[in-house]
Each structure stands twice: as C-alpha cells, then as structure tokens.
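This is what each chain is made of:
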Amino acid sequence: MMQPTPLKAAILAALCLTGTQTLAQDVIDCDWQASARNLIEPWEDHTRTFSNGATRIAAIDVLEPAAAAFYLLLLSPPYDELGDRQCKLVGMNGMGFALVDITDMTAEYDPATGLGFTLRVQVFESDTPQDRMLHVTLNQATGEITPRLMP
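Q: What exactly am I supposed to notice about the sheet that holds strand β3 (residues 55-61) here?
A: In a beta sheet, neighbouring strands are held together by backbone hydrogen bonds and run either parallel or antiparallel to one another. As summarised here, the arrangement of the 5 strands in space is β1-β5-β4-β3-β2, forming an open sheet in which the pairing is antiparallel. Of all the strands in the sheet, the pair left with one neighbour each is β1 (25-29) and β2 (47-50). The mean angle between the axes of side-by-side strands here comes to 25°, regardless of whether they run parallel or antiparallel. Bridge analysis of β1 against strand β5 (residues 85-92) gives 5 bridges, and the strand direction is antiparallel.

Below is the structure:
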C-alpha cells in the first residue's frame, strides 16, 4: 500500500480536524479543477442543463486529495462582453467535497431568488464521510451563487 505524501497526510488531517468546526461552502472562479478531463463519466449522467441550456451543472472529480476531490461546476448567465457564461465551482473550506452526487438533484425556480438546486454531497466530519444535502441558489441576472450545506 502506498503511503500518503506529507502534503496529502496534512490535508487529510486538516479535513478531519475541521469536522467539528463550521463547514464553509466556497464559490470560486473556474481554474484547473474545471478541466473537461475532470468531468465524471459518463458525462450524460453527471451533468444537467436548465433555462433552455443557458445554465449547466456538472459534477467534477479532481482525484486528489481523495477526501475533498469533488466540486459542483456551474456554467451560467450572466454573459460577459464576449458572450461567454460565468464559470464557477462550489466547494468547501477551500477544497472540494468528499462526494458530489447530482443523480437525484432537485431543482426549482423562484422569481425572487432564481434557480435553486438541492443535491447530495459527502463531507468529512470527525474522520468519516457524512451524507449532507447542499442547496445552491443561482441568480442568473446578477450571477450571485449562494450555497448552503444542510444537515
């Protein structure tokens, strides 16, 4: 069995220690994590479109660190001056989740707040992955994305 590198061991230890602390959800600009090679296959099972294709949600797996390798990718309006959509990732505590599962994701639209998505994720609390629900609200007019981890 391969031994984890010191960096991987430190990351896993930090994740385990954060289990009793507040779990903060992050919205970050797309970077290397959003590479097409990180889309979970088969792609058609791990991506959804909304608003006549203007918004796409996808599950991303960057492989390492294994305890926080999954992100939720959002491509959505508003459009920039070149006509490109915004590209954002939702993660936790500066990294990803232990799992992102969009197979049973539910979605709703509220004109006052925008699109809402609820999906299952896993987070490390103590030293074991725990199922949680992640609710994300996306305002396509402003581009504001608000994630909220639920028990």
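Next, the rest of the story.
Q: I tried to follow the state of the cysteines on my own but got confused; where do I start?
A: Put plainly, two cysteines are in a disulfide when a covalent bond ties their sulfur atoms together. This model, assessed by the stated rule, comprises 1 disulfide. Residue pairing for Cys30: its cysteine sulfur links by disulfide to Cys87, the two sulfurs lying 1.9 Å apart. Taking the sign of the torsion about the S-S bond as the criterion, the disulfide between Cys30 and Cys87, at about -80°, is left-handed. Residue Cys30 is found in the loop between β1 and β2, and its partner Cys87 is found in strand β5; the two are separated by 57 residues along the sequence.

Q: Looking at this model, I keep getting lost on the nonpolar core. Mind explaining?
A: One recurring pattern in soluble globular proteins is that nonpolar side chains are buried together. Within the largest apolar cluster, 33 residues are counted, with the highest numbers of intra-cluster contacts made by Leu72, Leu74, Phe97, Val100, Phe117, Leu119 and Leu134. Within the residue set of this core, elements represented by two or more residues are β3, β4 (70-79), β5, β6 (99-110), β7 (114-125), β8 (128-138) and β9 (145-150). Every residue in contact with Phe117, bar those within four places of it in the chain, is listed here: Phe50, Thr55, Ile57, Met105, Thr106, Ala107, Glu108, Leu134, His135, Val136 and Leu138.

Q: What exactly am I supposed to notice about the pairing of β8 here?
A: The side chains of a regular strand alternate, residue by residue, between the two faces of the sheet. Of the strand pairs in this sheet, β7 and β8 are connected by 11 bridges, and their pairing is antiparallel. Along β8, the bridge assignment pairs Phe124 with Pro129. Where β7 hands over to β8, the hairpin turn is made up of 2 residues, of which Ser126 adopts a positive phi near 60°. Here β8 folds back onto β9, and the loop between the two strands holds 6 residues, one of which, Gly143, carries a positive phi near 85°.

Q: Whenever I open this one, the environment of Thr49 confuses me. Can you help?
A: Looking at the secondary structure, you find Thr49 in strand β2. Sequence-wise, Thr49 and Ser76 are 27 residues apart; in three dimensions their C-alpha atoms are separated by 9.7 Å.

Q: Got a minute to help me understand the environment of Trp32 in this structure?
A: Here Trp32 is to be found in the loop between β1 and β2. Trp32 sits in the partly exposed class, given a relative accessible area of 49%. Taking the C-alpha atoms as reference points, Trp32 and Val62, 30 residues apart in sequence, are found 9.0 Å from one another. Aside from chain neighbours lying at most four places away, what touches Trp32 is Asn38 and Val62.

What counts and how
Residues numbered from 1 in each chain as written. Predicted model: local features only at pLDDT ≥ 70, side-chain atom pairs only at ≥ 80, totals over all residues. Heavy atoms only, no water. Pairing = 2+ DSSP bridges. Helix = DSSP H or I, 4+ residues; strand = E, 2+ residues; numbered from the N terminus. Axes fitted to C-alpha atoms, helices over the stretch in contact; angles between N-to-C directions. Disulfide = S-S within 2.5 Å. Core = buried A, V, L, I, M, F, W, Y, C linked by side-chain atoms within 4.5 Å. Buried < 20%, exposed > 50% of the residue type's maximum accessible area, 1.4 Å probe, protein only. Contact = heavy atoms within 4.5 Å.

By themselves, these figures tell us nothing about what the structure is for.
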